[in-house]
Structures are given as structure tokens and as C-alpha cells.
Amino acid sequence: MTARTPTTAPTGTAIPPTATTVSGSGPAPSASEPDTGSRLTLDRHLRAEDRAVALARDVLTGLTAAPRELPPKWFYDATGGMLFEEITRLPEYYPTRRERAILDRHAGDIAAACPADTLIELGSGSSAKTRLLLDALRDVGSLKRFVAFDVDETTLAKAGHGLLDAYPDLSVHAVVGDFERHLSYLPSGGRRLTAFLGGTLGNLRPAARREFLLTLREQASTDDALLLGTDLVKSPDRLVAAYDDGAGVTAAFNRNVLSVINRELGADFDVRGFAHIALWNAAENWIEMRLRAVRDQQVTINALALTIDFQRGEDLLTEISAKFTPNGISAELAEAGWATAQRWTDPEGDFAVTLATPSSVPTGAPV
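Notes on the structure in this doc start here. (Residues numbered from 1 in each chain as written. Predicted model: local features only at pLDDT ≥ 70, side-chain atom pairs only at ≥ 80, totals over all residues. Heavy atoms only, no water.)

## A look at the overall build of the protein
Looking only at helices and strands, one finds nine helices and 15 strands in the protein. Counting across all 367 residues of the protein, residues that qualify as buried make up 53%. Partitioning the contacts of the protein with sequence separation of at least 6, the portion at a separation of at least 24 is 73%. When the accessible surface of the protein is totalled, it reaches about 15,200 Å², and 51% of it is carbon and sulfur. (Helix = DSSP H or I, 4+ residues; strand = E, 2+ residues; numbered from the N terminus. Buried < 20%, exposed > 50% of the residue type's maximum accessible area, 1.4 Å probe, protein only. Contact = heavy atoms within 4.5 Å. Areas by Shrake-Rupley, 256 points an atom, 1.4 Å probe, with all protein chains shown as cover.)

Following this line, the structure appears as C-alpha cells:
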């Protein structure tokens, strides 16, 4: 539960990339209305119609596996997005506030350490926190271009037009894609600062984290840098509370994935037949969000011609959220060819923002 907009999308058949330039200010037009004089360029490497195919594939794979599991990206329909925004304002859920405090205090230090002309944000969503970095880069006189990368074209276009209004001299390049497949389509050239914020790295298992960081390293030039936001290990009680709030908002967010499946795949999940569970897995250093069947029940998913029996007490894993130590962050970066240049934490030591630069050889790479 670390990103407003998911940054991964369906795997499967490759989609030919397309590029469209859409108009500058005002309401976001459809991508079929090109304006070559615009400062907003929109590249599509995913199509809206892929969503249904991907959902069906993920549900079939995840619900027929042992143990059962669903990817967290399916939380985020309109309802899920609103619920997550509410979660970020809850007293128990500290990560969003802590990262924002770090950027408020240290955006100028980040820009001074890497005066990039291009800021890239992966999983940018509404680009709200990004403005702190944009302001800092503008203040040092280096900023020319912002690249927003996400799976949600509507959100990217809306945010892009808002940035054009706020930053008249900025060129905005929106890329609709999946970071597990389309990072190679990120624009090159200039000095780039790539931001991956919100603690979203923690939604990946270690092997996937390493692959992600290696892919970014392979594309990085000598002067580029990576800005990484990560939640830190702390008291299990605080961690569990952050994912199991007293108001029940996170429980509603977790169950929403069943509502998505019911609506889009013609399933008959009894949403209230599953309890929200948040567990600290000390062996893996991550929080697990699960849905636990409160009784024996049978679920039919019409679009898949699939019937599944859940036993009382059976869990469905819906998300992991890994927590890190400072040394652990540096070690994972080094293995993928990144050197830790600077790191900032909030006064409470809850969250970290790390600036990394390319090193000569990844420690985990074959020699």
C-alpha cells in the first residue's frame, strides 16, 4: 500500500509503441487530437483494452495457485484510489507524511547534488510531491523537461496539463507503460534524475527489485542519478497499525479488490465474507496484507468459467510492503550498480530518501 497509482500493468503480448502529442493547457483532450506545437508529448505503450485481459489472467493464475495471491495493482479502480487517498490522511499511516517532510526540507539539497535538466518520475500519478523537486531544479537553473511514467493515461494527461500551466518553460513528456516492460522507452539525453518515490519499491520481492534497479542502471549515463523513497524497519506494532487502521479504511481498500473482480469478471465474492488481515513477516522484513475467509464459501467467476472453494481461515495474499534498513538499501543498490551518494531521513527516522549515482560495475553482475 505505497502508491496512489500502480506502476505495473499486465504482462503478455507486446504492444507496439505509439507516440502522440496533445495540446498544452486547458482540459486534457483525447490522444487522437495531436498538436505538434505542444509542450506535452504522450507516448502509449499500453492500451486500455489490455486491462480486462490482464485482470482475467492475474485472477486465474493467482486464485488457482497455492497459496492464493493477487497483485496489488487491482486495488486501484476509482473507489480504491479514493480509499487510498483517505488512507494517506489517517494518523496511523505515516509514510506519505514522512516522505513529504523529507522533500520539503531537502529538495534543494537534492537539486544541488544532481542539477538535472530532466526529472523522471516512475509511478507519478498526480505528480503532487514532484513539484517540490521541480521547484528545486528550477531554482538551480537546470530544469528543462519532466517525464512522467505510469500506467494510467488519464491521470498522466491531467497532471501534465496542470504542470504546463504551473511551469511555462517546462516540456512535459508522459509515458504510459509498465515499469517491468517499458523502461527502455524512457526518453534519453541530458542529465536525468529518476525518482521512484512512495516506498513503492517495497511492493516488489527481492529478485524483482534487483531486476528493476539493474534495468535503470543499464540505461543510466555517468551524470544521471536515482532518487529512491523507502520505508524503514521499525516497531512491528507501528507497522501493523499503519496497515490496519482503527477506522477500517484499509480494510475497505483491501476488500475492494474483490469488488473489482465481481464487477469486471462477473464474480460473486461475498466481500464481507473476508476479513482484512495485516501481518508483520519478520523473516522477510515486510508487511503482508491478506483477505481471510471467515467461513467456508464457494465463489464463481463467470468470465473465467471458474468455481473456487475457500475454506474458513484460508488466506488470500493481496500485497507485500517491504521495509528496509539504511545498510540494506545501500547493499541492494550496490548489487545493481548504484552507489549511495546521500541519504535523508525524517526526524523520527521512519522513512528514507536516497540519492544514488551509477557505479562502475554492479556487485551482483557476472564478471
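Once the structure has been displayed, the description carries forward.
## Remarks on the sheet that holds strand 9 (residues 274–281)
Ordered by their spatial adjacency, four strands build an open sheet running 3-13-10-9, and the pairing between neighbours is mixed. Pairing within the sheet leaves two strands with one partner each, and these edge strands are strand 3 (68–69) and strand 9. Sheet analysis places strand 9 next to strand 10 (residues 286–293), joined by eight bridges and oriented antiparallel. Paired with Leu279 across the two strands is Glu288, which belongs to strand 10. Strands in contact with helix 8 (residues 249–265) are strand 9, strand 10 and strand 13 (315–322); relative to strand 10, the strand with the most contacts, it is inclined by about 65 degrees. (Pairing = 2+ DSSP bridges. Axes fitted to C-alpha atoms, helices over the stretch in contact; angles between N-to-C directions.)

## What to know about the pattern of salt bridges
This model, assessed by the stated rule, comprises 22 salt bridges. Where Glu69 meets Arg205, a salt bridge forms, and the shortest distance between an N and an O atom there is 3.1 Å. In this pair, Glu69 sits in strand 3 while Arg205 sits in the loop between strand 7 (192–196) and helix 6 (206–219), placing the two residues 136 residues apart along the sequence. We note a salt bridge from Glu288 to Arg290, for which the minimum N-O separation is 2.6 Å. There is no split in this pair, since Glu288 and Arg290 are both buried. One salt-bridge network, held together by shared partners, links Arg98, Arg238, Asp346, Glu348 and Asp350. (Salt bridge = Lys/Arg side-chain N within 4 Å of Asp/Glu carboxyl O.)

## Focus: the packing of helix 6 against helix 9 (residues 326–335)
For any two helices packed against each other, one specifies the crossing angle of their axes together with the interaxial distance. Where helix 6 contacts helix 9, the two axes come as close as 8 Å, and the packing angle between them is 60 degrees. Judged by the angle between their axes, helix 6 and helix 9 are oblique. Handedness of the crossing formed by helix 6 with helix 9: right-handed. Two secondary-structure elements touch here, helix 6 through Arg209, Arg210, Leu213 and Leu214 and helix 9 through Glu332, Leu333 and Glu335. Residue classes in the contact of helix 6 with helix 9 are distributed as three nonpolar, no polar and four charged. (Parallel < 35°, antiparallel > 145°, perpendicular 65-115°, else oblique. Left-handed = near helix turned anticlockwise from the far one by under 90°. Nonpolar A, V, L, I, M, F, W, Y, C, P; charged D, E, K, R; others polar.)

## Comments concerning the side chain of Arg98
Assignment of secondary structure puts Arg98 in helix 3 (residues 95–113). Side chain to side chain, Arg98 and Asp350 meet in a polar contact 2.9 Å long. Apart from residues no more than four positions distant in its own chain, Arg98 is found in contact with Arg238, Asp346, Glu348, Asp350 and Phe351. (Polar contact = N/O pair within 3.5 Å; in protein donor to acceptor, adjacent residues only side chain to side chain.)

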